[in-house]
Amino acid sequence: MVNFRGKDVSQPARASNRVFQVYRCVVTCQDMVQNKDSTKSFDKADYYAHLERYNPIFHERIALYVSVIGTPLISTFNPN
């Protein structure tokens, strides 16, 4: 049997010793940015009103440790 890439898949693949794990976590805007003024804590209303007061930190604190990032998609489409 040949799959769509032309690879013979009739023989079972060798068992791998690798362990694959999936972790789910929820990341909020507080996890993605940090106030430039280190004496102030995160305030969501202030963040949305004054984006310039915040530095991105997602790429330093979270993105380094993940290989896949997903987002939930909510469908409200009603064909009727």
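Described below are features of the structure shown in this document. For clarity, every value in this text was computed on a predicted model and none was experimentally measured.

**As for the pattern of salt bridges**
Step number 1: One pass over the structure, following the stated rule, counts one salt bridge.
Step number 2: Of the charged contacts in the structure, one is a salt bridge between Asp-46 and Arg-53, with a shortest N-O distance of 2.6 Å.
Step number 3: For Asp-46, a relative accessible area of 16% corresponds to the buried category.

**Thoughts on the side chain of Asp-46**
Step number 1: Of note, Asp-46 is situated in helix α2 (residues 44-49).
Step number 2: A distance of 2.7 Å separates a polar atom in the side chain of Asp-46 from a polar atom in the side chain of Tyr-54.
Step number 3: If sequence neighbours within four positions are ignored, Asp-46 has contacts with Asn-35, Arg-53 and Tyr-54.

**Focus on a nonpolar patch on the surface**
Step number 1: The grouping of Leu-64, Tyr-65, Val-66 and Ile-69 at the surface amounts to a nonpolar patch, some 470 Å² of accessible area in total.
Step number 2: Here Leu-64 is to be found in the segment after α3 (58-61).

**Focus: the side chain of Asn-35**
Step number 1: Summarising the element assignment, Asn-35 is placed in strand β1 (residues 33-35).
Step number 2: For Asn-35, a relative accessible area of 11% puts it in the buried group.
Step number 3: Looking at Asn-35, its side chain comes within polar contact range of the main-chain nitrogen of Asp-37, at 2.9 Å.
Step number 4: Once residues within four sequence positions are removed from consideration, Asn-35 is found in contact with Lys-40, Ser-41, Asp-46, Arg-53 and Tyr-54.

Conventions and cut-offs
Residue indices follow the written sequence of each chain, beginning from 1 at its first position. The predicted origin of the model limits local features to residues at a pLDDT of at least 70 and limits the giving and counting of side-chain atom pairs to 80 or more, whereas totals for whole chains, interfaces and linings rest on all residues. Side-chain calculation: all heavy atoms of the structure are included, whereas hydrogens and water are not. Any carboxyl oxygen of Asp or Glu within 4 Å of a side-chain nitrogen of Lys or Arg constitutes a salt bridge here. Relative accessibility decides the category of a residue: with a 1.4 Å probe and only protein chains considered, values under 20% of the type maximum give buried, values over 50% give exposed, and everything between is partly exposed. Here a helix means four or more residues in a row that DSSP labels H or I, a strand means two or more in a row labelled E, and each is numbered from the N terminus. Pairs of N or O atoms are called polar contacts if they sit within 3.5 Å, as long as, within protein, a hydrogen donor faces a hydrogen acceptor (for residues adjacent in sequence, only side-chain-to-side-chain pairs). Note on definitions: a residue-residue contact is assigned when non-hydrogen atoms from the two residues lie within 4.5 Å. Residues form patches when they are more than 30% accessible in relative terms and have no salt bridge. Like charges link within 9 Å. Nonpolar side chains (Val, Leu, Ile, Met, Phe, Trp, Tyr) link within 5 Å. Note on areas: Shrake-Rupley, 1.4 Å probe, and residue coverage restricted to the protein chains presented here.

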